[in-house]
Amino acid sequence: MDLLEIKNLTKSFDNKKILKGINLKINSGKIVGLLGKNGAGKSTLIKIINDLLIPDSGKVLFEGKEIGVYSKEHISYLPERTYLDKSMKVNDVINFFSDFYKDFDKKRAYALLKKLDLDADSRIIKMSKGMQEKLQLILVMSRDASLYVLDEPLSGVDPATRDYILDTILSNFKEGASIIISTHLISDVERILDDVVFIDNGKIVLSSSADELRKKEKASIDEVFRRMFKC
Amino acid sequence: MLGKLFKYDFKWINNKVMFIYYSVFLIITILVKVIESFEQTILMVVVDKILSGMFISCFISIIITCFMRIWARFIDNFYKDSSYLTHTLPVTKDELFNSKVLASIASLIIAIIIVLLGAFYVFLGDNGFDTLKIMYQSLIDAYNSIFAFIFVIGLILLVLLEVLFFMFSGIFGIIIGHRFNNYKMFKSIAIGIGSYLLLSIIMFVILSLIGNYADINNIVDGFPPLNTVKVFGCVGIIAYLVFDIAYYFMAKNIFNKGVNVD
């Protein structure tokens, strides 16, 4: 059984089709890059997987079941925006995650926070945007989920922070779990990807193993992407 | 999970802002009584009037702020940035919705009790309980002791149902208004106010029709006839109960179909 299966997914906003019949399967133990230009439909697809948007048609199945309480127990999602209640302290939000997610590892979260030299008593509203994003990443990666869905985790951050984010992702995800990383900063994530999915104008234009694609095109994923989507 | 959701919703609605309002209200309530005990010079009369005005402002502000915090919680937690966390929690949509409704009702009841206690202390004074006893006795004299008790309970229930009616009209407007892609806030407010006005007009029509048949002219010692009070009371309670239940189920069913977050 596939970990995640997307069947004929369509979604429109104001008569403009954003997703046009997406079909995709994700297996366990894979790091999948969901790659595409800005406005290709990556975030819309991810939001539907996480029950934040209602599709016009089609289905998303997690381990054969429709998206619901079960999938949310096993999917850990990092959105492209900060979603934490800014009136809370770091301790409060860790307790919040611990209250709702059975797979949340409090010890790991505090250990990761200590590495960042972040005071657990500080208020989120007083933290910089970069620190808030790092805190969110720590919370997401402190779960022992079956699927991690990370929407543009590298955008808007400096190169050193990008390395930190990638290292945190690689060293903290549950063994055997899958990760979907949506990004347009391909050269930064290429080294960690098992599979790649290119999405353009609401359609999947390419789905392949990263190694096979590099062998076939005799180029890096980044170069293949630039050739395919040259303006 | 419902209990945990309730805890966070209740804390958010009754945050520092409400605490400040309650504290200021308490201070003004005490000051009003303290000033009354002073010799009533022109200055003291002026101060008393200012404090009475502040008391009434605080009274109204607490109720309005409580409603605004309730509606803001729905919008913020279901449709804005924090909705990205809310809708990915491993809880059912029913639990998400019911938690907010329960936290809203609890917050409103607390706000109403606090402002009414303050009003009781300020306007009825140290002999407040005696004044209430006299008022209750006149109710017993006009009707009978059993009905007087039912009347008081019915009045409390009616006020609570009316308050919930106002709260649900806002929630209903938010749930429907945010189904659209554009002008969500404008549509939420328009639908909320529109549904509130429409149902209020329906209520008015029902009561007017009953008024044609009920004996509302035979007032004795300031009290209408027993049957008239029973009919109007029952109709009012049943109508608001029906409106509240209809609002609740309609809003919940629409919410359960899913959301389109910003």
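Bear in mind the structure is a predicted one, so any value in this text is a computation, not a measurement. (Residues numbered from 1 in each chain as written. Chains lettered and ligands numbered in written order. Predicted model: local features only at pLDDT ≥ 70, side-chain atom pairs only at ≥ 80, totals over all residues. Heavy atoms only, no water.)

(A) Broad picture of the sheet that holds strand β3 (residues 31–35) of chain A. All names here are of chain A. Strands sit in the order β6-β7-β8-β3-β9-β10 across an open sheet of six strands; the sheet is mixed. Of all strands in the sheet, those with a lone pairing partner are β6 (75–78) and β10 (203–209), marking the two edges. Recorded for the sheet is a direction-independent mean angle of 15° between the axes of neighbouring strands. Bridge analysis of β3 against strand β8 (residues 178–183) gives five bridges, and the strand direction is parallel. Note that in β8 the partner of isoleucine 31 across the bridge is isoleucine 179. Packing against the sheet, helix α8 (residues 210–217) makes contact with β9 (195–200) and β10, and its axis sits at approximately 95° to β10. Strand contacts of helix α9 (residues 221–228): β3, β9 and β10, with the helix running at about 20° to β9, the strand carrying the most contacts. (Pairing = 2+ DSSP bridges. Helix = DSSP H or I, 4+ residues; strand = E, 2+ residues; numbered from the N terminus. Axes fitted to C-alpha atoms, helices over the stretch in contact; angles between N-to-C directions. Contact = heavy atoms within 4.5 Å.)

(B) Geometry of the layout of surface pockets. Here the largest pocket is characterised by a volume of approximately 1000 Å³. Lining of the largest pocket is provided by 25 residues; of these, Leu116, Leu132, Val152, Leu155 and Ile156 of chain B occupy positions nearest its centre. Counting residues per element, the lining of the largest pocket draws most heavily on helix α5 (residues 93–124) of chain B, at 10 residues. Grouping the amino acids of the lining of the largest pocket by side-chain chemistry returns 25 nonpolar, no polar and no charged. The space that makes up the second largest pocket amounts to roughly 530 Å³. In terms of lining residues, the second largest pocket is bounded by 25 residues, among which Asp85, Ser87 and Met88 of chain A together with Lys11 and Trp12 of chain B are the most central. Looking at the lining of the second largest pocket, the element that brings in the most residues is helix α1 (residues 2–13) of chain B, giving five residues. Residue classes in the lining of the second largest pocket are distributed as 10 nonpolar, five polar and 10 charged. (1 Å grid on protein atoms, 1.4 Å probe; cavity = no way out; pocket = protein on both sides within 12 Å on 5 of 7 lines; lining within 4 Å. Points joined across faces, edges and corners; volume = space filled by probe spheres on them. Nonpolar A, V, L, I, M, F, W, Y, C, P; charged D, E, K, R; others polar.)

(C) The arrangement of the interface of chain A and chain B in detail. Taken together, the contact between chain A and chain B spans 27 residues of the former and 28 residues of the latter. A combined buried area of about 2600 Å² lies between chain A and chain B, and 58% of that area is made up of carbon and sulfur atoms. The interface formed by chain A and chain B contains three salt bridges. In this structure, aspartate 99 of chain A engages lysine 7 of chain B in a salt bridge whose closest nitrogen and oxygen atoms are separated by 3.2 Å. For the interface between chain A and chain B, the tally reads nine residue pairs in polar contact (both at pLDDT 80 or more). Counting only elements with at least two residues in the side of chain A that touches chain B, the list comes to β1 (4–13), α2 (69–74) and α3 (90–100) of chain A. Take the side of chain A that touches chain B: its biggest share by element is six residues, from α3 of chain A. Looking at the side of chain A that touches chain B residue by residue, the classes come out as 13 nonpolar, three polar and 11 charged. (Buried area = accessible area lost by both parts, 1.4 Å probe. Salt bridge = Lys/Arg side-chain N within 4 Å of Asp/Glu carboxyl O. Polar contact = N/O pair within 3.5 Å; in protein donor to acceptor, adjacent residues only side chain to side chain.)

(D) Molecular detail of helix α1 (residues 42–49) of chain A. Residues and elements named next belong to chain A. Counting buried residues along α1, eight of its eight residues qualify, which places the element largely inside the surrounding structure. Taken together, the buried positions of α1 are Lys42, Ser43, Thr44, Leu45, Ile46, Lys47, Ile48 and Ile49. Aspartate 51 sits one or two positions beyond α1 and adopts a positive phi of about 65°. (Buried < 20%, exposed > 50% of the residue type's maximum accessible area, 1.4 Å probe, protein only.)

(E) Up close: the pattern of salt bridges. For the structure shown, the criterion picks out 20 salt bridges over all chains. Between aspartate 51 of chain A and lysine 72 of chain A there is a salt bridge whose closest N-O contact spans 2.8 Å. Here lysine 72 of chain A lies in helix α2 and aspartate 51 of chain A lies in the loop between α1 and β4 (57–62), a separation of 21 residues in the sequence. This pair shows no difference in class: aspartate 51 of chain A is buried, exactly as lysine 72 of chain A is. Of the charged contacts in the structure, one is a salt bridge between aspartate 81 of chain B and arginine 81 of chain A, with a shortest N-O distance of 2.9 Å. With one member in each of two chains, aspartate 81 of chain B in the loop between α3 (42–79) and α4 (83–86) and arginine 81 of chain A in the loop between β6 and α3 form a pair that bridges those chains. Looking at aspartate 81 of chain B, the relative accessible area reads 31%, which means it is partly exposed. Beyond isolated ion pairs, a larger network of salt bridges with shared partners links Asp51 and Lys72 of chain A together with Lys93 of chain B.

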